Amino acid sequence: MAFWPSVVVATPAHSGVGASLTYRSELSLTPGTLVRVPLGAREVLGVVWECPDEPPEGLTEAQTKAVAGVLEGLPPLNARWRQLVRFAAQYYQRSLGEVALAALPPQLRDLNAVQLARRLKKKEKQQATRAVEPAPEDTTAAGPELSDEQREALQALEAAQAPVLLYGATGSGKTEVYLQATQHVLQAHADAQVLVMVPEINLTPQLEARFRERFEPLFGAGALVCLHSGMTPAQRLNGWLAAHTGQARIVLGTRMAVLASLPGLRLIVVDEEHDPSYKSQEGARYSARDLAVYRAKVETEALAAEGGDPAARCRVVLGSATPSLETWHAAEQGRYLRLAMPARIGGGALPRLRLVDMNNQPKGAVLAPPLVAAMAERIARGEQCMVLLNRRGYAPVLACHDCGWKSACPHCSAFRVFHKLDRTLRCHHCGFTERVPRACPECGNLDIAPIGKGTEQVEEQLAGLLADVKRPDGGPARVARMDADSTRLKGSLEQQLATMHSGEVDVLVGTQMIAKGHDFRRITLVAGINADSGLFASDYRAPERLFALLLQAGGRAGRDAAFVSSQGSQSELWVQTWTPQHPLFAALRQHDFPAFAAQQLAERESAGMPPFGHQALLRADAKTQQAAQAYLNAAAQAADGLPHRDEITLYPAVPLTIQRVANVERAQLLVEAVSRGALQRFLNAWQPVLLECRSLPQARGLVRFAVDVDPLSI
Ligand code: ADP
Ligand code: ZN
Ligand code: ZN
């Protein structure tokens, strides 16, 4: 007897959303089985999607190839996982194979059955030796006693029938709630698994340490695995296998972890759910937060269908002090359950806002004198400060005042950034780097000067301004910098965080990576020094981001209430701005996220913007801007007459803000719809048209196109 499995393989993005290939097999293969199949001259990894015992109509035995091998020993990917992948492919307009295979660890593609069997045996042995360590019967809570707020939130979360928004102030103990919720779930069900997602694992080694410390004694050394793109291929394979086989009880990962195979999934935590890094910016541009919510629903339905405990659910918790407006709106509507934890652990106050009106400061000052004075006082008392600036390098532009030359990148429509430390001009878009010229390349003028400020410059200036300030131990004040440049080398980030935790460093200057998640105990002052760049950006989400960033950054201050009061100090958030009267600051002063969100949502509603309207972008990369736009406009024209076209607004093609990167011209076209359903149905109908339009004469020079559903910036 023969079977005719349909198999999904890593097909190009647009080979059709549901596409799979038909093979032949002597055995009936369970859907979800991993196989190796011939494709052209190669043999590739694939996932069995269905396995009928009759060939699809019109296909003969001679036209199909046999499955080359089955990855024995690996349980099939279950139906819930396949449903998640199918949904993601469909919703984000990519092929099933692309999404399915991208969700598997890359190394799995290179292993043959024998190598895999060896790997699995090794893991089993490790597991067997570990299994003696844990004492799973131990049901005592390993963590601190919860505050009343935390306890109420935890109880409500564990009874929730809907996705939960844990809206907790910075330092209110959200992480502790995740930890105890995790512990309860894992102790209640022997095969339960928990997925904890964070924006960037590397930034917060502290969080991983907290989870390990808590759970390895309870569930063994292999109970927690990480999944993120910074791991080696071997580590990723091991982590994935542990999750897939159920050996790992907890997966701590970045957005990619949302697609991991987790057969026992009972709880998903999305920490800092507002963070833009949950939205993928390449390939299938999925939102890991939105997929997490969908996944919890699928898992819950499956548990209900299995029977057994009728109350069994997979819960999902989205945590933030500054939720995304999408999530906030869902909570307002009652689709999500909002649980608030307004108080900080230890009863500490949230930082007081100090606005510095830059109109009243000495001309050209990067740091206002009162801010520097406030920092000096704190350093002298043994407190730490943090200075936030969203621009690395020394200055964003180098310019000649004689002829007007500027350090433009020859390959991009952007300026190269001046890095003083290694004397380079570097393009942050394409990476093109050159040594800083001695004189103006246009006119030979020796007097070329930086314009604007970056983290290197602020670090340099602060070191000068604080040169005479002494710490309580009599030593000089120390300034350090943390950004993508200073943390490029492996281990350097951990080292820099350590100097901050140990108090070696008094002032940390850095980009937004210093604002996220860290639990520094001695910081009492945080300063945002170029906030206005976020106030007047053209992107309608810019105020939301700025508010979140400043509130999160401020959240690094005064986390240890006992320390702050023993110092007789008060924690402060300083913001330098040219427009202190901006309403965003009024809300920030009151730590009033609800007021800010209400105002933003009202604006969005009247403009029909998300979450009230629904958007997608069609993006095109081409050799010329003209070709990119011509393709987009042709695709828009060809949409006439498609189903649901009348429920859709298609805008004219426009160049991206940075229209050329690495010599590729970029343009986009906005698609708007009143309902998500209409948008989805239209995009499905449009997909084949988009493929056809590639071969139009006016699209010559098109390099690629992509659809971005629910884009984060337009
Ligand atoms: P968040 O995630 O909301 O910013 P954390 O969970 O990191 O807050 O908690 C802030 C600090 O308070 C951490 O140092 C944490 O160890 C501590 N903490 C949290 N909950 C408690 C508690 N119930 N009792 C004592 N300390 C706690
Ligand atoms: Zn010049
Ligand atoms: Zn460039």
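Here the residue numbers are simple positions, counted from 1 along each chain's written sequence. In the order they appear in the text, chains get letters beginning with A and ligands get numbers beginning with 1. In keeping with the predicted nature of the model, local features appear solely for residues at pLDDT of at least 70, side-chain atom pairs appear and are counted solely at 80 or more, and the whole-chain, interface and lining totals rest on all residues. Excluded from the side-chain calculation are hydrogens and water; included are all heavy atoms of the structure.

Chemist: I would appreciate a short explanation of the coordination of the zinc ion (ligand 2) in the present structure.
Modeler: Expected angles at a metal are 109.5 degrees for tetrahedral coordination by four donors and either 90 or 180 degrees for octahedral coordination by six donors. Only N, O and S atoms count as donors, using a 2.8 Å cut-off from the metal and 3.2 Å for Na, K and Ca, and because water is excluded some sites may appear unfinished. Taken together, C400 (SG), C403 (SG), C440 (SG) and C443 (SG) make up the full set of protein donors to the zinc ion (ligand 2), lying 2.2 to 2.4 Å away. Seen from the zinc ion (ligand 2), its four donor atoms lie at angles of 104 to 113°, and the figure they make is tetrahedral. On the primary sequence, the residues serving as donors to the zinc ion (ligand 2) are separated as C-x2-C-x36-C-x2-C. Given a relative accessible area of 39%, C403 falls into the partly exposed group. Site shape is set this way: if four donors have all angles between 85 and 135 degrees, tetrahedral; if opposite donors are over 155 degrees apart and all others between 65 and 115, square planar for four donors and octahedral for six; otherwise irregular. Exposure classes here rest on a 1.4 Å probe applied to the protein chains alone. A residue is buried below 20% of its type maximum, exposed above 50%, and partly exposed in between.

Chemist: Any chance you could explain the packing of aromatic side chains here in plain terms?
Modeler: Here the aromatic set is Phe, Tyr and Trp, taking the six-membered ring for Trp, and pairing holds for ring centres within 6.5 Å; pairs whose planes are under 30 degrees apart are stacked, those over 60 apart are edge-to-face, and all others are tilted. All chains considered together, the criterion is met by 14 aromatic pairs. An angle of 10° between the planes, with centres 3.8 Å apart, marks the rings of F87 and Y294 as stacked. Of the two residues, F87 sits in helix α1 (residues 79-91) while Y294 sits in helix α8 (residues 288-306), which places them 207 residues apart along the sequence. F87 sits in the partly exposed class, given a relative accessible area of 26%. Note on F682 and W686: the rings are 5.1 Å apart at their centroids and 35° apart in plane angle, and the pair reads as tilted. In this pair, F682 and W686 both sit in helix α19 (residues 676-693), four residues apart, roughly one turn of the helix. We classify F682 as buried; its relative accessible area is 0%. Site record: aromatic cluster; members linked through ring pairs are Y167, W328, F547, F593 and F596. Note that R249 overlies the ring of F219, its terminal NZ or CZ placed 5.3 Å from the centroid. Above the face of the W328 ring, R338 is positioned so that its terminal group lies 4.3 Å from the ring centre. Under the DSSP-based scheme used, a helix requires at least four consecutive residues in state H or I and a strand at least two consecutive residues in state E, with every element numbered from the N terminus. In this analysis the charged atom, NZ for Lys or CZ for Arg, is taken to sit over a ring once it is within 6 Å of the ring centre and within 35 degrees of the ring normal.

Chemist: Teacher, can you tell me more about the site of ligand 1 here?
Modeler: If you check the shell around ligand 1, you find 17 residues, and the closest are E145, Q150, K174, T175 and D519. Any N or O atom pair separated by 3.5 Å or less is treated as a polar contact, with the protein-specific requirement of one donor-capable and one acceptor-capable atom, and with residues adjacent in sequence counted only for side-chain atom pairs. The contact in question runs from a nitrogen atom of ligand 1 to an N or O atom on the backbone of E145, over 2.8 Å. In this classification, the charged set is Asp, Glu, Lys and Arg, the nonpolar set is Ala, Val, Leu, Ile, Met, Phe, Trp, Tyr, Cys and Pro, and all remaining amino acids, among them Gly, are polar. Looking at side-chain class alone, the shell around ligand 1 contains four nonpolar, six polar and seven charged residues. For this description, a residue counts as near a given molecule or strand if any of its non-hydrogen atoms is within 4 Å of it.

Chemist: Whenever I open this one, the side chain of T170 confuses me. Can you help?
Modeler: On the secondary structure map, T170 appears in the loop between β6 (164-168) and α5 (174-188). Exposure remark for T170: the relative accessible area of 4% places this residue in the buried category. In what follows, a contact means two residues having at least one pair of non-hydrogen atoms within 4.5 Å. With residues near it in sequence (within four places) discarded, T170 still touches A321, R344, L350, L551, Q552, G555, R556 and R559.

Chemist: What is the right way to look at the coordination of the zinc ion (ligand 3) in this model?
Modeler: Every protein donor of the zinc ion (ligand 3) is listed here as C409 (SG), C412 (SG), C427 (SG) and C430 (SG), and their distances to the metal cover 2.2 to 2.3 Å. In this structure, the zinc ion (ligand 3) is coordinated by four donor atoms arranged in tetrahedral fashion, with angles at the metal of 106 to 113°. Donor residues for the zinc ion (ligand 3), ordered by position in the chain, follow C-x2-C-x14-C-x2-C. Given the relative accessible area of 2%, C412 is considered buried.

Chemist: Got a minute to help me understand the nonpolar core in this structure?
Modeler: Here is a general trend for soluble globular proteins: nonpolar side chains tend to be buried in one another's company. Residues belong to one nonpolar core when they are buried, are Ala, Val, Leu, Ile, Met, Phe, Trp, Tyr or Cys, and are joined through side-chain atoms within 4.5 Å. In terms of nonpolar packing, the biggest core is built from 133 residues, with L34, L104, L108, I268, L618, Y631 and W686 touching the most fellow members. Looking at which element gives the most residues to this core, the answer is α19, with eight residues. Apart from residues lying up to four places away in sequence, W686 is in contact with L618, A635, A636, A639, L642, L650, L669 and V671.

Chemist: Would you explain helix α17 (residues 593-607) in this entry?
Modeler: Residues spaced three or four apart along an α-helix face the same direction, because each turn holds 3.6 residues. An expected span of 1.5 Å times one less than the residue number is assigned to each helix. Here α17 spans 21 Å end to end across 15 residues, near enough to the 21 Å set by a 1.5 Å rise per residue. The complete set of buried residues in α17 reads F593, F596, A597, Q600, L601 and R604. Looking straight down α17, one finds that the buried residues subtend no more than 125° of arc, so they occupy a single side. Exposed and facing more than 90 degrees away from the buried side of α17 are E605 and S606. Where α17 is buried, its residues contact β6, α9 (325-332), α14 (542-554) and α16 (583-589). Taken from the helix axis, the directions to the C-beta atoms give the arc we talk about.

Chemist: Quick question: what am I supposed to make of the packing of α5 against helix α6 (residues 205-219) here?
Modeler: The geometry of a pair of packed helices is captured by two quantities: the angle between their axes and the separation between those axes. Where α5 meets α6, the closest approach of the two axes is 11 Å, and the angle between their N-to-C directions is 25°. Taken together, the axes of α5 and α6 lie roughly parallel to each other. The way α5 lies across α6 gives a crossing that is right-handed. Of the residues in α6, those touching α5 at T175, E176, Y178, L179, Q180, T182, Q183, L186 and Q187 are L207, R210, F211, R214, F215, L218 and F219. Tallied by class, residues from the contact of α5 with α6 come to eight nonpolar, five polar and three charged. For helices, the axis comes from a line fit to the C-alpha atoms of the stretch in contact; other axes are also lines fit to C-alpha atoms, and the angle between any two N-to-C directions lies between 0 and 180 degrees. Angle categories: roughly parallel below 35 degrees, roughly antiparallel above 145, roughly perpendicular from 65 to 115, and oblique for all the rest. Each crossing gets its handedness from the near helix: less than a right angle anticlockwise from the far helix is left-handed, clockwise is right-handed.

Chemist: Teacher, can you tell me more about the sheet that holds strand β9 (residues 250-253) here?
Modeler: Two pairing modes exist for strands in a sheet, parallel and antiparallel, and in both the strands are linked by backbone hydrogen bonds. When DSSP finds two or more bridges between a pair of strands, those strands are recorded as paired. Strand order in the open sheet formed by seven strands is β8-β9-β7-β10-β11-β6-β12, and the pairing between neighbours is parallel. The sheet is open, and its two borders are formed by β8 (224-227) and β12 (337-341), each paired with just one other strand. Between one strand axis and the next, the sheet turns by 20° as a mean value, whatever way the strands run. Taken together, the four bridges between strand β10 (residues 265-270) and strand β11 (residues 315-320) define a ladder with parallel strand orientation. Across the sheet, residue V269 finds its bridge partner in β11, namely V317. Contacting β7 (193-197), β10 and β11, α8 crosses the sheet at an angle of about 160° to β10.

Chemist: How do you make sense of the sheet that holds strand β4 (residues 42-50) when you look at a structure like this?
Modeler: Reading across the sheet, the five strands line up as β2-β1-β4-β3-β5 and stay open at both edges, with antiparallel pairing between neighbours. Edge strands, defined here as strands with exactly one partner in the open sheet, are β2 (21-22) and β5 (69-70). Here strand β1 (residues 6-9) pairs with β2 via two bridges, running antiparallel. What sits directly across from V7, in β2, is L21.

Chemist: Whenever I open this one, the pattern of salt bridges confuses me. Can you help?
Modeler: Pairs may arise between side chains of opposite charge once their charged atoms sit close together. Basic side-chain nitrogens of Lys or Arg form a salt bridge, by our definition, when they fall within 4 Å of a carboxyl oxygen of Asp or Glu. One pass over the full model with this rule turns up 43 salt bridges. In this structure, R354 and E572 form a salt bridge, with 3.2 Å as the shortest nitrogen-oxygen distance. In this pair, R354 is assigned in strand β13 (residues 352-357) and E572 in strand β23 (residues 572-577), connecting sequence segments 218 residues apart. For R354, a relative accessible area of 30% translates into the label partly exposed. Where salt bridges share partners, they join R352, R354, E377, R378, R381, E383 and E572 into one cluster.

Chemist: I would appreciate a short explanation of the pairing of β8 in the present structure.
Modeler: Residues of β8 alternate between two faces, with L224 and C226 on one and V225 and L227 on the opposite face, all of them buried. Sheet analysis places β8 next to β9, joined by four bridges and oriented parallel. Across the sheet, L227 pairs through a bridge with G253, a residue of β9. Between β8 and its parallel partner β9, the chain crosses via helix α7 (residues 233-245), and the hand of that crossover is right-handed. When the strands point away from the viewer and the path from the first strand over the helix to the second turns clockwise, the crossover is right-handed.

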